[in-house]
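Next come the chains, spelled out residue by residue.
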Amino acid sequence: MTDAAELRRRTRALLDAHPPATTDRRDFLRARFDAGLAWVHYPQGLGGLGAPRSLQALVDAELAAAGAPDNDPRRIGIGLGMAAPTILQYGTDEQRRRLLRPLWTGEEVWCQLFSEPGAGSDLAALGTRAVREGEDWIVNGQKVWTSSAHLARWAILIARTDPDVPKHRGITYFVCDMTDPGVEVRPLRQITGEAEFNEVFLTDVRIPDSRRLGAIGDGWRVAQTTLNNERVAIGGTPVPREGGMIGKVAATWRERPELRTHDLHQRLLGLWVEAEVARLTGVRLRQQLAAGQPGPEGAGMKLGFARLNQEISGLEVELLGEEGLLYDDWTLRRPELVDFTGRDAGYRYLRSKGNSIEGGTSEVLLNIVAERVLGLPAEPRTDKDVAWKDLAR
């Protein structure tokens, strides 16, 4: 087992061999991956050393202190937080070797082709079809709300391969090359003015069977790994005390005493405490992850994240009064990342509305917490044993 002392030694050796000040950024990231210091808990040869996950913070701190570049994790969050753990758990050795290194270095961006116009909250009802033709699958359908599709080289994709069985059992999980013929990406303009999301049309897209993850028809189980990791990635991102959106409101409160009222003060205090509780809960959740894969508890974190963001951004707009109604730029843009703290209060207020939809709606997550965390009785499901092809649509 690699311990803290060994990781420090390896980190110093990396810095000596590749000084950050004189090494190309991409070359440094590749060298870091090859040294096993990308994600230390991954296996050797795949960016890790099989070390305890908790030791990653040590490596990150040492490299940051030396001025080493990071891999711009916000830009490649789907790859890091959703695709990578799924590939690690279900991918073949060849798939892991080919895909994980450029994913981590940011050379290849990933997106997620899950939601559809008729299958969002009820994701298992998806209708995108994949039909076997020799060693390939021919895929036809439409996906929606796809973050980063306009930047992505690869996509994680779930499609229906057997319409004659109940909806959860006829799904298969694939890796789709976004540059292949038949893949069309169209922007979706949001209330913020940006086109951060996309809709993706798949027309006779040919995917080799070698890009399948998991067994045929087992895609729903594979997708649960992705979804559980997604909720942790969205709701459990590490932040310092008074980081994120609560920090923006607190800073305005301190700098603009003329805006203060007793009512706003009470609301700010309450939200500050809730934000700190959420932050500490996220720390505990990440410590639990050191012992294995994330479970349904991540749904609770994502629920809290959405509600807090919406309440904090609403308070900020009220605190600013007329200034809160201003908006910096409604130009149609296709950003590379979502920046909640880099723009004005109006943007934060509008963008946070999507937090209760993306990554699983709050209503669906409440069901997950109720049934899989608290052990409450499941809601009646009349379609549980009905073939997908016979469902009303």
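The following refers to the structure shown. Once a new chain begins, its residue numbering starts again from 1 and follows that chain's sequence as written. This being a predicted model, a pLDDT of at least 70 is required before a residue's local features are given, and a value of 80 or more before pairs of side-chain atoms are given or counted; all residues contribute to the totals for chains, interfaces and linings. Hydrogens and waters are ignored; side-chain quantities use all the structure's heavy atoms.

**Details of the state of the cysteines**
Okay, so step 1: In this description, the term disulfide denotes a pair of cysteine sulfurs within 2.5 Å. Here the structure, examined in full by the defined rule, presents 0 disulfides.
Okay, so step 2: Left without a disulfide partner, Cys111 is nearest to the cysteine sulfur of Cys176, which lies 7.8 Å away.
Okay, so step 3: A residue is classified by how much of its surface remains accessible, and Cys176, at 0% relative accessible area, is buried. Each residue's exposure class comes from its accessible area (1.4 Å probe, protein chains only) as a fraction of the maximum for that residue type: buried when under 20%, exposed when over 50%, partly exposed otherwise.

**A closer look at the pairing of strand 7 (residues 197-208)**
Okay, so step 1: Bridge analysis of strand 3 (residues 136-143) against strand 7 gives 7 bridges, and the strand direction is antiparallel. When the sheet's bridge partners are listed, Gly141 is paired in strand 7 with Leu202. Any two strands are treated as partners once DSSP identifies two or more bridges connecting them. What counts as a helix is a DSSP run of H or I of at least four residues, what counts as a strand is a run of E of at least two, and both are numbered from the N terminus.

**Digging into the nonpolar core**
Okay, so step 1: Definition used in this section: a nonpolar core is a set of buried Ala, Val, Leu, Ile, Met, Phe, Trp, Tyr and Cys residues joined via side-chain atoms within 4.5 Å. In this structure, Trp39, Ile87, Leu100, Trp110, Phe114, Ile158 and Tyr173 are the most contacted members of the largest nonpolar core, which totals 33 residues.
Okay, so step 2: By definition in these notes, contact holds between two residues if any of their heavy atoms fall within 4.5 Å. Aside from chain neighbours lying at most four places away, what touches Leu100 is Phe33, Trp39, Tyr42, Leu46, Ala84, Ile87 and Gln95.

**Here's the deal with unusual backbone geometry**
Okay, so step 1: Of note in the backbone geometry, Ser148 takes a positive phi value of approximately 65° without being a glycine.
Okay, so step 2: Relative to the helices and strands, Ser148 is located in the loop between strand 3 and strand 4 (154-160).
Okay, so step 3: We note that Glu242 has phi near 60°; this positive angle belongs to a residue other than glycine.
Okay, so step 4: The partly exposed category is assigned to Glu242, whose relative accessible area is 25%.

**What about the environment of Glu107?**
Okay, so step 1: Looking at where Glu107 falls in the secondary structure, it is placed in the loop between helix 5 (93-105) and strand 1 (110-113).
Okay, so step 2: By relative accessible area, which is 33% here, Glu107 ends up partly exposed.
Okay, so step 3: Along the chain, Glu107 and Ala275 lie 168 residues apart, while their C-alpha atoms are 34 Å from each other.
Okay, so step 4: The contacts of Glu107, once residues within four sequence positions are left out, are Arg26, Arg30 and Pro102.
Okay, so step 5: For this analysis, a polar contact is any N or O atom pair within 3.5 Å, provided that within protein one partner can donate a hydrogen and the other can accept it, and provided that sequence-adjacent residues contribute only side-chain to side-chain pairs. Polar side-chain contacts of Glu107 include one of 2.7 Å to the side chain of Arg30.
Okay, so step 6: In terms of polar contacts, Glu107 uses its side chain to reach the side chain of Thr105, at 2.6 Å.

**Some remarks on the pattern of salt bridges**
Okay, so step 1: Any carboxyl oxygen of Asp or Glu within 4 Å of a side-chain nitrogen of Lys or Arg constitutes a salt bridge here. Across all of its chains, the model carries 41 salt bridges by this definition.
Okay, so step 2: A salt bridge links Arg153 to Asp177; the shortest N-O distance between them is 3.1 Å. Residue Arg153 is located in the loop between strand 3 and strand 4, and its partner Asp177 is located in strand 5 (residues 171-177); the two are separated by 24 residues in the primary sequence.
Okay, so step 3: You can call Arg153 partly exposed: its relative accessible area is 27%.

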